[in-house]
Amino acid sequence: MPVIQPERLVLRPLTTNDFSAFRQFAADAELTRYMLFYPQETESETKTFLQHAEQAWMEQHPEAYEFAILREDTLIGTITVEYMGDTQGMLGWILRKDAQGYGYATEAALAIVQWVKEQLPYTELFACCDARNPASARVMERIGMHCIDANGSRTYPKTGEVAQEWMYQMNL
């Protein structure tokens, strides 16, 4: 299983051993307000998510690669590469509130883009964010993505809320 070490972080597969630290931010409704499938409202939901994430690393072609983002051995967030098609992936991330604003999302995303180039057959990566989350859009731009649709929409499955969505893309 891969361990990626950019300058200040360690990226490694997310596992069930990360439950306590992951639960702290995955269940935070304010932090996850712009995430489609969060917050994880119950411990059972979090455990199931982590079991699937860990099991995916054992599969030949998983639907998603879930990486833990560690700073000095502390879980500060996660970053994901999801399968979209034979040559396309979707990038996403979440960081604890106290880890935001230090460039960690950009550092982790750049490292994952490099890993994807070396390990997966993808020729394109996409990322999306709620238009009310310009910080994520800035990360996408910093890693070389370009906005290809600023007029999309997303519906939050847990609430039914509809919001404007920005989609970004990069060629690998």
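These remarks concern the structure in this document. (Residues numbered from 1 in each chain as written. Predicted model: local features only at pLDDT ≥ 70, side-chain atom pairs only at ≥ 80, totals over all residues. Heavy atoms only, no water.)

## Here's the deal with the sheet that holds strand β7 (residues 162-171)
The following threshold applies: Only strands joined by at least two bridges in the DSSP assignment are considered to pair. Counting from the N terminus, the helices are DSSP H or I runs at least four residues long and the strands are E runs at least two residues long. Angles shown run from 0 to 180 degrees and are taken between the N-to-C directions of axes, each axis being a line fitted to C-alpha atoms and, for helices, limited to the stretch in contact.
What the seven strands build is an open sheet, ordered β1-β2-β3-β4-β5-β7-β6; its pairing is mixed. Because the sheet does not close on itself, it has two edges, and the strands there are β1 (10-13) and β6 (146-155). Looking at each pair of strands side by side, their axes are set apart by 30 degrees on average, direction ignored. Here strand β2 (residues 64-71) runs beside strand β3 (residues 74-85); their pairing, made up of eight bridges, is antiparallel. Residue pairing in the sheet places Ala-64 in a bridge with Glu-82 of β3.

## Some points on the pairing of β3
Remember that side chains alternate between the two faces of the sheet whenever the strand is regular. The turn joining β2 and β3, which pair antiparallel and follow one another in sequence, is formed by two residues; a positive phi near 50 degrees is taken by Glu-72. Bridge count for β3 against strand β4 (residues 88-95) is eight bridges, and the pairing is antiparallel. Paired with Gly-85 across the two strands is Gln-88, which belongs to β4. Once β3 ends, the chain turns through two residues before running back antiparallel as β4.

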